[in-house]
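One letter stands for each residue in the lines below.
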Amino acid sequence: MSMGTPSPGRAGTASPLGLDFPQSLAVYDDYAAAQKAVDFLSDHKFPVEQCMIVGTDLKRIERITGRWSAGRVAVGGLLSGVWLGLFVGLVVSLFTDDESFLATLLACVLFGAAFGVVWALVGYALTRGQRDFSSVTAVVATKYEVLVEHKSAAQARELLAQLPGGLPDPFA
């Protein structure tokens, strides 16, 4: 894993996420274990600014939250359109007299609602049923590697050897 970037003492621009010649200290199955290891190092006055936790073996997870229907799409478009219309109405109302404020705001909200419904239904119709569900996605790591600058790797390993489970079995 090549993550070495110039340090502030070198010529060039330094990345706050870069380390000088990083070495792997340990690989953990969850973030909490990696965080615990770095916290242990911090508690023992190790210069933790020389450490980095890197999520590896990334997976994209998609959780299906529901089925799309024309009615559900229309309601979503209506709500989005109302918010857009309210925003535009407030901006336009800044430039109108006080007597037409409410009428301007209401007209913009109604126009926004209608526009939102039509736009959402047209978009839904264009998909032709290729994606009739809603979902949320996340990219998660399955392993968390603690990296440390080469000049402090031996000291970090010695300290983590004192923490029960601090250095996981590399053969497990």
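Read on for a plain summary of the structure. (Residues numbered from 1 in each chain as written. Predicted model: local features only at pLDDT ≥ 70, side-chain atom pairs only at ≥ 80, totals over all residues. Heavy atoms only, no water.)

1. Regarding the packing of helix α1 (residues 31–43) against helix α4 (residues 153–160)
Angle between the axes and distance between the axes: these two values describe a pair of packed helices.
Okay, so step 1: Two elements in contact, α1 and α4, have axes separated by 10 Å at closest approach and are oriented at 100°. Put simply, α1 runs roughly perpendicular to α4. Judged by residue contacts, Ala37, Phe40 and Leu41 of α1 engage Ala156, Leu159 and Leu160 from α4.
Okay, so step 2: Considering only residue class, the contact of α1 with α4 consists of six nonpolar, no polar and no charged. (Axes fitted to C-alpha atoms, helices over the stretch in contact; angles between N-to-C directions. Helix = DSSP H or I, 4+ residues; strand = E, 2+ residues; numbered from the N terminus. Parallel < 35°, antiparallel > 145°, perpendicular 65-115°, else oblique. Contact = heavy atoms within 4.5 Å. Nonpolar A, V, L, I, M, F, W, Y, C, P; charged D, E, K, R; others polar.)

2. Observations concerning the environment of Arg157
Okay, so step 1: Locating Arg157 in the fold gives a position in helix α4.
Okay, so step 2: A residue is classified by how much of its surface remains accessible, and Arg157, at 32% relative accessible area, is partly exposed.
Okay, so step 3: Distance in space between the C-alpha atoms of Arg157 and Leu167 is 7.7 Å, their sequence separation being ten residues. (Buried < 20%, exposed > 50% of the residue type's maximum accessible area, 1.4 Å probe, protein only.)

3. Some details on the sheet that holds strand β1 (residues 22–28)
Within a beta sheet, neighbouring strands are joined by backbone hydrogen bonds and run either parallel or antiparallel to one another.
Okay, so step 1: Strands sit in the order β1-β3-β2 across an open sheet of three strands; the sheet is antiparallel. In this open sheet, the two strands that pair with only one neighbour each are β1 and β2 (51–67). Averaged over neighbouring strand pairs, the angle between their axes works out to 35° when direction is ignored.
Okay, so step 2: In this structure, β2 lies alongside strand β3 (residues 133–149), joined through 15 bridges in antiparallel fashion. For Val54, the partnering residue across the bridge sits in β3 and is Glu145.
Okay, so step 3: Taken strand by strand, α1 contacts β1, β2 and β3, and its axis lies near 150° from that of β2. (Pairing = 2+ DSSP bridges.)

4. Overview of the packing of helix α2 (residues 70–93) against helix α3 (residues 101–127)
Okay, so step 1: At a closest axis distance of 6 Å, the pairing of α2 and α3 adopts a crossing angle of 145°. The handedness of the crossing between α2 and α3 is right-handed. (Left-handed = near helix turned anticlockwise from the far one by under 90°.)

5. Some thoughts on unusual backbone geometry
Negative phi characterises most residues that are not glycine, and trans characterises most peptide bonds.
Okay, so step 1: One non-glycine residue, Lys45, lies in the positive phi region at around 60°.
Okay, so step 2: Classification of Lys45 as exposed rests on a relative accessible area of 73%.
Okay, so step 3: Phi angles above zero are rare outside glycine, and Asp57 is one such case at about 50°.
Okay, so step 4: Of note, Asp57 is situated in strand β2.

6. What about the packing of aromatic side chains?
Okay, so step 1: The final tally for this structure, using the stated rule, is two aromatic pairs.
Okay, so step 2: Pairing Tyr31 with Tyr144 gives two aromatic rings, centres 5.6 Å apart and planes at 75°, and the pair type is edge-to-face. Of this pair, Tyr31 sits in helix α1 while Tyr144 sits in strand β3; the two residues are 113 residues apart in sequence, bridging distant segments of the chain.
Okay, so step 3: Its relative accessible area of 41% is what places Tyr31 among the partly exposed residues.
Okay, so step 4: On the basis of an interplanar angle of 20° and a centroid distance of 5.8 Å, the ring pair of Phe115 and Trp119 is categorised as stacked. Here Phe115 pairs with Trp119, and both are found in helix α3, just four residues apart, close to one helical turn.
Okay, so step 5: The partly exposed category is assigned to Phe115, whose relative accessible area is 40%.
Okay, so step 6: Its end group placed over the ring of Trp68, Arg72 keeps NZ or CZ at 5.2 Å from the ring centre. (Phe/Tyr/Trp six-rings, centres within 6.5 Å; stacked < 30°, edge-to-face > 60°. Lys NZ or Arg CZ within 6 Å of the ring centre and 35° of its normal.)

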